[in-house]
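Residue-level listing of the chains:
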Amino acid sequence: MFKLALASLWNRRGSVWLTVIAIAVSTLLLLGVERIRVQTQENFSNTISGTDLIVGARTGSTELLLSSVFHIGNLSNTLSWQSYEHLQSLPGVSWHIPMAMGDSVHGYPVIATTDALFENFKYGNKRPLSFAAGGAFAEQNEVTVAVLGAEVARERQLSVGSDLIVAHGTGEISFSQHDAHPFQVVGVLERTGTPIDRGVFIPLTAQGLVHGEYLPDSGAEEHSHDHEHEHENENVVTTEPPVYTLSAVLLGLENPALALRLQRTINTYRGEALSAIMPGLALQNFWRTLSLFERALVAISILVVITGLLGMLTTLLASLRERRREMAVLRSIGAGPITILGLLVVEAFVVTLVGVTLGTAGLYTVLLFGAELLQQQMGIQVSASVLTLREIYLLLAILVAATLLSLFPAWRAYRNALADGLTVKL
Amino acid sequence: MSTCIELKQLQFKWPGAQLPLLSIPELTIARGERVLLRGASGSGKSTLLGLIAGIHTTGAGQVKVLGQDLAGLNQHRRDQLRANEIGYIFQQFNLLPYLSARANVTLACQFAPARRKRLSQQSIEQEAKQLLTRLGLTPEQQQQPSHQLSVGQQQRVAAARALLGSPALIIADEPTSALDQAHRDNFIQLLFEACDAQNTTLLFVTHDATLAPLFPRAIELSEINQGAVADV
Ligand SMILES: Nc1ncnc2c1ncn2[C@@H]1O[C@H](COP(=O)(O)OP(=O)(O)OP(=O)(O)O)[C@@H](O)[C@H]1O
Ligand SMILES: [Mg+2]
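Source: prediction; values computed, not measured.

Draft legend 1. The arrangement of the overall build of chain A in detail. Along chain A, the regular secondary structure elements total 12 helices and 14 strands. Of the contacts made within chain A by residues no fewer than 6 positions apart, 77% connect residues no fewer than 24 positions apart. Approximately 20000 Å² of chain A is accessible, and the part contributed by carbon and sulfur atoms is 60%.

Draft legend 2. Just the site of ligand 1, in detail. Surrounding ligand 1, one finds 13 residues, the nearest of these being Ser41(B), Gly42(B), Lys45(B), Ser46(B) and Thr47(B). In this structure, ligand 1 sits where chains A and B come together, each supplying nearby residues. At a separation of 3.0 Å, an oxygen atom of ligand 1 approaches a polar side-chain atom of Trp14(B). Within the backbone of Gly42(B), an N or O atom sits 2.8 Å from an oxygen atom of ligand 1.

Draft legend 3. Expanded view of the packing of helix α9 (residues 279-322) of chain A against helix α12 (residues 389-420) of chain A. All names here are of chain A. One way to put it is that α9 packs onto α12 with a least axis distance of 10 Å and a crossing angle of 25°. If you check the angle between α9 and α12, you find them roughly parallel. Where α9 crosses over α12, the two elements pack in a sense that is right-handed. Each of Val-305, Leu-309, Met-312, Leu-313, Leu-316, Leu-317 and Leu-320 in α9 lies in contact with α12, whose residues at this interface are Ile-398, Ala-401, Ala-402, Leu-405, Ser-406, Phe-408, Pro-409, Arg-412 and Ala-413. A class-by-class count of the residues in the contact of α9 with α12 yields 14 nonpolar, one polar and one charged.

Draft legend 4. Summary view of the confidence of the model for chain A. Residue and element names in this part refer to chain A. Per-residue confidence for chain A gives a mean pLDDT of 82, with 85% of residues at or over 70. Here residues 170-175 is a poorly scored stretch, pLDDT under 50, and it has 11 contacts once near neighbours within four places are set aside; other chains count. Of the regions scoring below 50 in pLDDT, residues 214-238 engages in 35 contacts with residues more than four places distant in sequence or in other chains.

Draft legend 5. Representation of the interface of chain B and chain A. Every contact between the two is made by 21 residues of chain B and, on the other side, 24 residues of chain A. Between chain B and chain A lies a buried interface of about 2100 Å² when both sides are counted; carbon and sulfur atoms form 68% of it. When residues of chain B are sorted by the area they lose upon contact with chain A, Phe90(B), Tyr98(B) and Phe111(B) head the list and together hold 32% of the total. Taken together, the links from chain B to chain A amount to one salt bridge.

Draft legend 6. The sheet that holds strand β2 (residues 22-30) of chain B, seen in detail. Residues and elements named next belong to chain B. If you walk across this open sheet you meet the four strands as β2-β1-β4-β5, and the pairing is antiparallel. At either end of the open sheet lies a strand with only one pairing partner, and these are β2 and β5 (68-69). In this fold helix α1 (residues 45-52) packs onto β1 (3-12), β2 and β4 (63-65), with an angle of close to 120° to the strand it touches most, β1.

Draft legend 7. A look at helix α8 (residues 259-267) of chain A. Residues and elements named next belong to chain A. Within the span of α8, buried status applies to Ala-259, Leu-262, Gln-263 and Ile-266. Looking down the long axis of α8, one finds its buried residues gathered within 105° of arc, a one-sided arrangement. Those residues of α8 that are exposed and aimed more than 90 degrees away from the buried face are Arg-261 and Arg-264.

Draft legend 8. Up close: a nonpolar patch on the surface. All names here are of chain A. Taken together, the side chains of Trp-10, Trp-17, Ile-21, Val-25, Val-354 and Leu-358 present a nonpolar region at the surface, about 580 Å² in accessible area. At the level of secondary structure, the elements contributing two or more residues to the nonpolar patch comprise α2 (13-45) and α11 (337-378). Looking at the nonpolar patch, the element that brings in the most residues is α2, giving three residues.

Draft legend 9. Representation of the environment of Ser130(A) within the structure. Residue and element names in this part refer to chain A. Along the chain, the position of Ser-130 falls in the loop between β6 (127-128) and β7 (131-134). With 57 residues separating them in the primary sequence, Ser-130 and Gly-187 have C-alpha atoms 9.9 Å apart. Apart from residues lying up to four places away in sequence, Ser-130 is in contact with Leu-189 and Glu-190.

Draft legend 10. Focus on the confidence of the model for chain B. On average, residues of chain B score 85 in pLDDT, and 97% of them reach the 70 mark or higher. Least confident of the elements in chain B is helix α4 (residues 113-118) of chain B, whose mean pLDDT is 83; most confident is strand β8 (residues 201-206) of chain B, at 92.

Draft legend 11. Region of interest: the nonpolar core. Ranked by internal contacts, the top residues of the largest apolar core, which has 83 residues, are Leu330(A), Leu7(B), Leu48(B), Ile52(B) and Leu203(B). It is α11(A) that provides the largest number of residues to this core, a total of 13 residues. In this structure, Ile52(B) is in contact with Ile5(B), Leu7(B), Val63(B), Val65(B), Leu70(B), Ile86(B), Leu169(B), Ile171(B) and Leu203(B), ignoring residues within four places of it in sequence. The next biggest cluster of nonpolar side chains, apart from the first, holds 36 residues, and it includes Leu53(A), Ala112(A), Ala153(A) and Leu251(A).

Draft legend 12. Geometry of unusual backbone geometry. For Gln157(A), which is not glycine, the phi torsion reads 50° and is therefore positive. With a phi angle near 50°, Glu174(B) is a residue other than glycine that sits in the positive phi range. Among the residues examined, Glu174(B) registers a relative accessible area of 11% and is labelled buried.

Draft legend 13. Summary view of the pattern of salt bridges. Residues and elements named next belong to chain A. Throughout the structure, instances matching the rule amount to 20 salt bridges over all chains. Across the pair Arg-35 and Glu-391 runs a salt bridge, and its minimum N-O distance is 2.7 Å. Taken together, the residues span a long stretch of sequence, with Arg-35 in helix α2 and Glu-391 in helix α12 at a distance of 356 residues. Taking the relative accessible area as the measure of exposure, Glu-391 reaches 3% and is therefore buried.

Draft legend 14. Representation of the sheet that holds strand β3 (residues 34-38) of chain B. Residue and element names in this part refer to chain B. The sheet built from five strands is open, its strands ordered β6-β7-β8-β3-β9 with parallel pairing. Two strands in the sheet have a free side with no partner beyond their single neighbour: β6 (86-89) and β9 (217-220). Adjacent strand axes in the sheet meet at a mean angle of 15°, parallel and antiparallel pairs treated alike. Against the sheet, helix α2 (residues 75-85) engages β6 and β7 (169-173), with an angle of about 80° to β6.

Draft legend 15. Representation of the packing of aromatic side chains within the structure. This model, assessed by the stated rule, comprises 12 aromatic pairs over all chains. One aromatic cluster is present, formed by Phe44(A), Phe70(A), Phe286(A) and Trp287(A) through successive ring pairs. Here the basic side chain of Arg325(A) rests over the ring of Phe90(B), its NZ or CZ set 4.5 Å away from the ring centre. Geometry around Phe192(B) places Arg34(B) over its ring, the cationic atom sitting 4.7 Å from the centre.

Draft legend 16. Spatial organisation of helix α4 (residues 81-89) of chain A. Listed in full, the buried residues belonging to α4(A) are Trp81(A), Ser83(A), Tyr84(A) and Leu87(A). What you see down the axis of α4(A) is that its buried residues fit within an arc of 155°, all on one side.

Cut-offs applied
Residues numbered from 1 in each chain as written. Chains lettered and ligands numbered in written order. Predicted model: local features only at pLDDT ≥ 70, side-chain atom pairs only at ≥ 80, totals over all residues. Heavy atoms only, no water. Helix = DSSP H or I, 4+ residues; strand = E, 2+ residues; numbered from the N terminus. Contact = heavy atoms within 4.5 Å. Areas by Shrake-Rupley, 256 points an atom, 1.4 Å probe, with all protein chains shown as cover. Near = heavy atom within 4 Å. Polar contact = N/O pair within 3.5 Å; in protein donor to acceptor, adjacent residues only side chain to side chain. Axes fitted to C-alpha atoms, helices over the stretch in contact; angles between N-to-C directions. Parallel < 35°, antiparallel > 145°, perpendicular 65-115°, else oblique. Left-handed = near helix turned anticlockwise from the far one by under 90°. Nonpolar A, V, L, I, M, F, W, Y, C, P; charged D, E, K, R; others polar. pLDDT = per-residue confidence, 0-100. Buried area = accessible area lost by both parts, 1.4 Å probe. Salt bridge = Lys/Arg side-chain N within 4 Å of Asp/Glu carboxyl O. Pairing = 2+ DSSP bridges. Buried < 20%, exposed > 50% of the residue type's maximum accessible area, 1.4 Å probe, protein only. Arc of directions from axis to C-beta. Patch = residues over 30% accessible without salt bridge, like charges linked within 9 Å, V, L, I, M, F, W, Y side chains within 5 Å. Core = buried A, V, L, I, M, F, W, Y, C linked by side-chain atoms within 4.5 Å. Phe/Tyr/Trp six-rings, centres within 6.5 Å; stacked < 30°, edge-to-face > 60°. Lys NZ or Arg CZ within 6 Å of the ring centre and 35° of its normal.

So, in structure tokens, the structure goes:
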């Protein structure tokens, strides 16, 4: 019977292929969306760990999170160097990473920071950053040095010793290139799978140099940066700070349990309006706002699968009419109506199985050959790992749904077979 | 000689019809007989064949095939009886177009264990080949997809399928109406020879009265049927 179903399908391969392709595409979509959804969430929550508080000027927690962890967006408010010094002096702070952002190189965000980043920043399961080549800023005498994220180094084909020019602004096309300050690459980080890979890290002092903050009387003040609004505070500091303003500060505590209390202390700091967020919580909240979108995506891909299956149902039903003769012949050689019913169910099952298999194969093809492109074009990270249990369930669900759906045309064929008997009028 | 088909007080009415289409007090066909059943179009010939083949059913005791009361068998048993003991030839479109001629013939054994058993000395494939060769199809033609064969060739393939595995009864529902006279006579001759070789009963249905002289026994449906005859 199985062979018969196959032969019959082969006979109608033209329309059957279309059905198979429709099912394959919808399977591909469903699996793809599922994979992107799960892996994005994973990557997302892996971006930062071990940091207890992120502090910035008073702003929304999502904004602060996006700029400090994902290097997306531009914080319009900054916190002053004095506030940073205050943060360092708070009890229980074991380490601190200052970050000043706003510039870019070839579209990659430039993060001005200190070597504390390489020592204390952790991602994933509390994994520290490590160098694939070269080392941190401090090992150099030069100020204009840079450490590159793995992705930047790979895409721009830069390595230790290369020069790069930092431009102001975050766009791919920058309007004011600071040609005078080529930076020398001194280190390349190991790949992390986080936004760190796409970052260009320079010392805070170099940031001051680029913006003319470090040398206040050099006449470089024409730049109308918003950073310069803070210049009135100069006389308060005793030693000249490398920069006057920071975008964010990451704090690590001796006792993470005290994060909540410290958060309150920082939020009520009198010197400047600051806000402190707990990255884990902020990530969760942010993900929740995204989940609506995510659920819509899943719903759409399920609808596409249903459309594919309905397409199969339609072709099956349409084929019944022209196959009444075939059914009568089978009846005449002794096939029972149940056999006719089974034939159609087997047929639908085979079509769906081939479709689902092709769709899965398609997914892996896309992942193997297109993961790079996805990563580069959309920043979506998906890997060609084996099917998860949930994905297998999804595939089985498609097969079961198709088999159940096919019962409808199969039932029709069964009824036809009983009513027509052997006298089919064409 | 035992009987092959036995009709007694047969009454058959299509659902929704006012009067019974068939009402046959008595008809007996012995094993090995060659019978022509003639009737006008719409007189219920195909319906009667459907009853004998166990596709449709009537009350108990009305239709007996090979000694078995069809009304006493369930659907599955009737399908089995048909698969094992009845070879059926249609007027046209007998074959599954996507199978080769030979595959169409071997299909006869698909649902019929008894037929397979009767062939056990030889493989089904071998037997089908011999049968087709005897009916005049070259080995190349036997491997062709059946829709590439001429109508006459297709009918011969259908006959081979009906004959494979020596069923007790061959039912032919106007198998020659799409053939010209020369092919028609030739086809009937082949059918006779094959039936003789296997001692198979042949029930041949047609509306064409000119075939009657070829058969030892010819029955007019209108003479045995007292049911309502549809106007032609
Ligand atoms: N499946 C069916 N359901 C209801 N009525 C039917 C069905 N099949 C046949 N009939 C009716 O039964 C009558 C006889 O049909 P049947 O096919 O047996 O005639 P026939 O003698 O074989 O004619 P022909 O020589 O044209 O093949 C017709 O009036 C037809 O309308
Ligand atoms: Mg008829």
